[in-house]
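Each chain, letter by letter, is given below.
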Amino acid sequence: MDCYCDYDAPTFYTAKCVKARKPHRCEECGRGIAPGETYERAFGKMEDGLIYHPATCSHCLDIRRFVQNSVPCFCWSHGSMEDDAVEAVQAADRKS
């Protein structure tokens, strides 16, 4: 199955899971990330020069991984991953 994502991809993007040394806030759900918790720290640059560095908590990472493993085409972006996940699951359900 072909997958087409209708958004502009960043010109540069990297992400890795790290242990928090200070408090952070999850970009997806707004949950606090406490020191000692593992979270994803991303860094990217958009074509228009916008630089972003969102933090994603482990709970939201679990949701993202589940949907990525369960839905044939999952297009998501930082800040709207939860809504994107719901839409992807609903679209896959309509096709089945």
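Below is a summary of the structure that appears in this document. Counting of residues starts from 1 at the beginning of each chain's written sequence and follows it residue by residue. Two thresholds apply to this predicted model, a pLDDT of at least 70 for residue-level local features and 80 or more for giving and counting side-chain atom pairs, whereas whole-chain, interface and lining totals are computed over all residues. As a convention, hydrogens and water are excluded, and side-chain values are obtained from all of the structure's heavy atoms.

**A word on the pairing of strand E4 (residues 38-45)**
Both faces of the sheet carry side chains from a regular strand, because those side chains alternate between them. Note the following rule: Strand pairing follows a simple DSSP-based rule, namely that at least 2 bridges must link the two strands. Under the scheme used here, helices are H or I runs from DSSP no shorter than 4 residues and strands are E runs no shorter than 2 residues, and both carry numbers assigned from the N terminus.
As defined by bridge partners, strand E1 (residues 12-19) adjoins E4 across eight bridges and the pair is classed as antiparallel. Bridge assignment links Cys 17 to a residue of E4, and that residue is Glu 40. Where E4 meets strand E6 (residues 55-57), three bridges bridge the pair, whose relative direction is antiparallel. Its bridge partner being in E6, Glu 40 is matched across the sheet by Thr 56.

**Considering helix H2 (residues 81-95)**
Our working definition: Each helix should span, by expectation, one fewer than its residue count multiplied by 1.5 Å. Relative accessibility thresholds used throughout: buried, under 20% of the residue-type maximum; exposed, over 50%; partly exposed, between the two (1.4 Å probe, protein chains only). What the arc describes is the spread of directions from the helix axis to the C-beta atoms.
With 15 residues, H2 should reach 21 Å at 1.5 Å per residue; the first-to-last C-alpha distance of 21 Å fits that figure. For H2, every residue scored as buried is listed here: Met 81, Asp 84, Ala 85 and Ala 88. Projection of H2 onto a plane perpendicular to its axis shows the buried side chains occupying an angular sector of 100°, all on one side. Opposite its buried face, H2 presents the exposed residues Asp 83, Glu 87, Asp 93 and Arg 94, each directed more than 90 degrees away.

**Things to note about the state of the cysteines**
For the record, the criterion: Criterion for a disulfide: a pair of cysteine sulfur atoms at a distance within 2.5 Å.
Counted under the stated rule, the structure contains one disulfide. Residue pairing for Cys 5: its cysteine sulfur links by disulfide to Cys 75, the two sulfurs lying 1.9 Å apart. Of note, the bridge from Cys 5 to Cys 75 carries an S-S torsion of about -75° and is left-handed in sense. Taken together, the residues span a long stretch of sequence, with Cys 5 in the segment before E1 and Cys 75 in the loop between helix H1 (58-70) and H2 at a distance of 70 residues.

**Examining the packing of aromatic side chains**
Selection rule: Paired rings are identified among Phe, Tyr and Trp, the last through its six-membered ring, by centres lying within 6.5 Å, and are further divided according to the angle between planes into stacked (under 30 degrees), edge-to-face (over 60) and tilted (the rest).
The final tally for this structure, using the stated rule, is one aromatic pair. Each ring, one from Phe 12 and one from Phe 43, has its centre 5.8 Å from the other, and the planes form 70°; the classification is edge-to-face. Taken together, the residues Phe 12 in strand E1 and Phe 43 in strand E4 connect sequence positions 31 residues apart.

**Structural notes on the pattern of salt bridges**
To keep it simple, the criterion reads: One side-chain nitrogen of Lys or Arg within 4 Å of one carboxyl oxygen of Asp or Glu is enough to make a salt bridge.
As enumerated under the stated definition, the model contains three salt bridges in all. Here Glu 40 makes a salt bridge to Arg 64, at a shortest N to O gap of 2.6 Å. Here the residue Glu 40 occupies a position in strand E4, and Arg 64 occupies one in helix H1, the gap between them amounting to 24 residues. Assigned by exposure class, Glu 40 and Arg 64 land together as buried.

**Section: the environment of Gly 79**
To be explicit about the condition: Note on contacts: a residue pair qualifies if any of its non-hydrogen atoms lie within 4.5 Å across the two residues.
Following the sequence through the fold, Gly 79 ends up in the loop between H1 and H2. Once the C-alpha coordinates of Gly 79 and Asp 62 are considered, the two residues, 17 residues apart in sequence, prove to be 15 Å apart. The contacts of Gly 79, once residues within four sequence positions are left out, are Glu 27 and Glu 28.

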